[in-house]
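# Per-entry structural report
Spelled out from the first residue to the last, the chains are:
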Amino acid sequence: MKAILTLVLPLLLGSTVMAQGTLADYQRANALRGKYSGKMAGGDVSVHRMRDSHKFWYSVFNGDSTVYKEVDAEHNTVTLLPGNPEQPRRRGGWQGPQRHWMEVPDEKDGWQVSPVDSSLVVFHRDNNLWTRQGKEEKPLTTNGDSAYYYSAWGHFSPDGRYYATVRIKPAPKRFVYYVESMPPRGHRQGEFGAVEPVLHKQEYAKPGDSLNYRVPVVVEVATGRVTEPSTDLFRHQYEVSAPRWDDNSKTLTFTFNERGHHTYRLLELDAESGQVRTLIEETNDKYVNYNRLYRHDFSDGKRILWTSERDGRNHIYLYDRQKAQLIRQVTRGEFYVRDIQHIDEKAGIVYFSANGMNKDEDPYFIHYYKIGLDGKHLTCLTPEAGNHSATFTADMQYLVDTYSTVTTPPVTTLRSGKNGKLIRTLETADISRLEAEGWKAPEVFVAPGRDGVTDMWGIILRPSNFDPSKSYPVIEYIYSGPGDQYVPKSFRAWHWGMAELAELGFIVVQLDAMTTSFRTRAFEEVCYKNLKDAGFPDRIAWIKAAAAKYPYMDINRVGIYGCSAGGQNAMAAVLWHGDFYKAAYAACGCHDNRMDKIWWNEQWMSYPIDSSYVECSNVANAWRLERPLMLVVGELDDNVDPASTMQVVSALQQAGKDFELVVIPGAKHTMGETFGEHKRADFFVRHLLGTTPPAWSELVRAGRQGR
């Protein structure tokens, strides 16, 4: 009986939604981008401040073309310009080798010129530091060797007496290799004109790999005397930064990021004695979000402004540099500081952006504020509801602010940087032409997650020919990698990928669940050693709540897709939650965190490598698959090692599981490009709609006839 039910299910699905996934639906989906492009006037505003003035210029699409305007904030005037006031400069392209972002440089190149004697240069030779003055060259250090050498990337003290750099104990390098099966023309051709593949080699450190060991040192230029400190305060390194001189030429600062990211320190080094002391320390039993830390050293050398998540949200702190003690927490409350725009040391004011301060709106909306260093006189400079993006004059007296939501079009205003007072409205977007094309805004939907209390915020997209009397499968677009939030908060005319899928006969959703950022530290830290969680208990609760409100959302037919960490998430959905998610499209996934880049994975999964890596591995858990799965990979993916996907393929084959594999020749890190996007559409039409998608040749033929 079970086998019979399996056979008739696609027939039943096809009969209930026979008008979905048709040739007409595909044609309409493929036309969306062109249909919605260029239909909003006054919304696409790009603002630039003009140097040493209270003026801005901005570009804006007026519905027919891009125009340029100058804003004089002080005199409250707007002038139409004849063209772009800053024409792009022609720059000769660098013809030499390009350093890949995964490559760790050896720091043996370059040189530094003394600030007090321009004839004196320090450079690297034979693992040591050398000086050049005129034609005379001589070694500054002599104890460097290949196992422990001096970096050339250093700096003279302001008085020119010392040179500070690091000594490096180099670690073995790991490399990954890619075969480019169809390289561009011009590569060597084989017999009868066949193009030969090309082998690429790329440095690529992975979790658990050994890393360079770095020790800050100070060299007295006149004598070559080397001051090398004890490493007690920075021993178990993930990274030690290059030392940075203070203006007094006596002390330097550097940072220490512990392997495993449980401790992060700002350290001070005494150039003469070599003594090291801690100025600021961050600790966390899970991880310190070191990429969020912000530091500003005051010009008086007495104070440091610092941001930290130590109280559960990112806030601003003021430190006494000399005492290495906290003076005060400048901001506090149930909001999250996103960035520091400016610090007015003389006036004692900090300008910053934050989300979550307004309880009656989306907690992810960014607003701009100023506050005194004493923690008083908090002022919102962008009070309107919405997600804001502001550009300030250099002296922070004025700002141009653009704000919108996913449902309300952009408004651009000129405001006072003193109190946020509106000076004038510069642009108000007109979307009447967009709406005339049948465009509909997505719906913002809010529902509690796994704990029944914490709200999850997301969006729901429906097809343009939506009919509430029909039943629609649901597809979730997922990226649940910690470090950011991903649901759009500002206005978009076109939600790439999601809108096209919806047009085929689906309800498409996206939400930020636990394991993502900018709510609270606890909200994000669910990911710790637990990337397989991906917020799925919250996601399932949210989708069920949406379906309870909208019965046309058929939660017996839920699919999911994503790329990169989202590709890992998508496959994890059908491995651990196959009772809810019925089909998954996983592109370029980091399916085993041991196979992916070191910095991203050790941040969330920690160090040393332990069983949690195996427990979260799609490879090790491939045997769980019981749902349709399409795997996609670019053969030249230089972000996530393609072997991560191929190892999943091998594990699935060994487990006797059925799946689909799409390899994109010549592609790097990708959702699938044009070919993969079409495969994704067909995949969900077959498995969620139970419909045979139109032949590609039929689509091409229909497209030609439409032209």
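From a predicted model like this one, the values you see are computed outputs, not experimental measurements.

Further remarks concern the sheet that holds strand E24 (residues 325-329). Strand order in the open sheet formed by 4 strands is E21-E22-E23-E24, with antiparallel pairing between adjacent strands. With one partner strand each, in any of the chains shown, strand E21 (295-297) and E24 form the two edges of the open sheet. Across the sheet, the mean angle separating the axes of adjacent strands is 25 degrees when strand polarity is ignored. Bridge analysis of strand E23 (residues 315-320) against E24 gives 4 bridges, and the strand direction is antiparallel. Directly across from Leu 318, in E24, lies its bridge partner Arg 328.

Within the largest apolar cluster, 47 residues are counted, with the highest numbers of intra-cluster contacts made by Trp 542, Met 553, Tyr 581, Leu 629, Leu 631 and Leu 652. Once you skip the residues sitting within four places of it in the chain, Leu 631 turns out to touch Met 571, Ala 586, His 591, Thr 645, Val 648, Val 649, Leu 652, Phe 659, Glu 660, Leu 661 and Val 662. Judged by nonpolar contacts, the second largest core, of 41 residues, contains Tyr 26, Ala 502, Phe 506 and Met 630.

Counting through the fold element by element, Ser 59 comes out in strand E2 (residues 55-61). On the basis of relative accessibility, which here comes to 13%, the residue Ser 59 falls in the buried class. Residues Ser 59 and His 48, 11 residues apart in the sequence, show an inter-C-alpha distance of 8.8 Å. Ser 59 has contacts with Asp 44, Val 45, Ser 46, Thr 66, Val 67 and Tyr 68, leaving out every residue within four places of it along the chain.

Once that is clear, we can look at helix H8 (residues 565-576). Because each turn of an α-helix spans 3.6 residues, side chains separated by three or four positions end up pointing in the same direction. Taking 1.5 Å of rise per residue, the 12 residues of H8 would be expected to cover 16 Å, and the 16 Å separating its terminal C-alpha atoms lies within 8% of that figure. Here H8 has its buried residues at Ala 565, Gly 566, Gly 567, Gln 568, Asn 569, Ala 570, Met 571, Ala 572, Ala 573, Val 574 and Leu 575. The elements touched by buried residues of H8 are helix H7 (536-549), strand E37 (553-563), strand E38 (581-587), helix H9 (598-605), strand E39 (629-634) and helix H11 (643-654).

This paragraph deals with the side chain of His 261. Inspection of the secondary structure puts His 261 in the loop between strand E18 (251-258) and strand E19 (263-270). Overall, the relative accessible area of 0% leaves His 261 in the buried class. Engagement of the side chain of His 261 in a polar contact is seen with the side chain of Asn 257, the distance being 3.0 Å.

We now examine the sheet that holds E2. Taken in spatial order, the 4 strands line up as E1-E2-E3-E4 in an open sheet, and their pairing is antiparallel. The sheet terminates laterally at strand E1 (45-49) and strand E4 (77-81), the two strands that pair on one side only. Ignoring strand direction, the axes of neighbouring strands in this sheet form an average angle of 25 degrees. Relative to E2, E1 runs antiparallel, the two being bridged by 5 bridges. Among the inter-strand pairings, Val 45 is bridged to a residue of E2, identified as Val 60.

Looking at the secondary structure, you find Phe 523 in helix H6 (residues 521-525). When the C-alpha positions of Phe 523 and Gly 535 are compared, they lie 9.6 Å apart, and in sequence the two are 12 residues distant. Setting aside anything within four residues of it in sequence, one finds Phe 523 in contact with Tyr 364, Thr 454, Met 456, Asp 512, Ala 513, Met 514, Thr 515 and Thr 516.

This brings us to the packing of aromatic side chains. Across all of its chains, the model carries 27 aromatic pairs by this definition. Judged by centre distance (4.7 Å) and plane angle (65 degrees), the rings of Phe 466 and Tyr 552 are edge-to-face. Here Phe 466, found in the loop between strand E34 (455-461) and strand E35 (472-477), pairs with Tyr 552, found in the loop between H7 and E37; they are 86 residues apart in sequence, far enough to count as distant. A relative accessible area of 26% places Phe 466 in the partly exposed class. What makes Tyr 552 buried here is its relative accessible area of 10%. The structure contains a cluster of three or more aromatic residues connected by ring pairs, namely Phe 445, Phe 466, Tyr 472, Trp 542, Tyr 550 and Tyr 552. Positioned over the ring face of Tyr 149 is Lys 108, at 4.4 Å from the centre of the ring. Positioned above the aromatic ring of Tyr 607 is the side chain of Arg 259, whose terminal nitrogen or guanidinium carbon lies 4.0 Å from the ring centre.

About the cut-offs
Residues numbered from 1 in each chain as written. Predicted model: local features only at pLDDT ≥ 70, side-chain atom pairs only at ≥ 80, totals over all residues. Heavy atoms only, no water. Pairing = 2+ DSSP bridges. Helix = DSSP H or I, 4+ residues; strand = E, 2+ residues; numbered from the N terminus. Axes fitted to C-alpha atoms, helices over the stretch in contact; angles between N-to-C directions. Core = buried A, V, L, I, M, F, W, Y, C linked by side-chain atoms within 4.5 Å. Buried < 20%, exposed > 50% of the residue type's maximum accessible area, 1.4 Å probe, protein only. Contact = heavy atoms within 4.5 Å. Expected span 1.5 Å × (residues − 1). Polar contact = N/O pair within 3.5 Å; in protein donor to acceptor, adjacent residues only side chain to side chain. Phe/Tyr/Trp six-rings, centres within 6.5 Å; stacked < 30°, edge-to-face > 60°. Lys NZ or Arg CZ within 6 Å of the ring centre and 35° of its normal.

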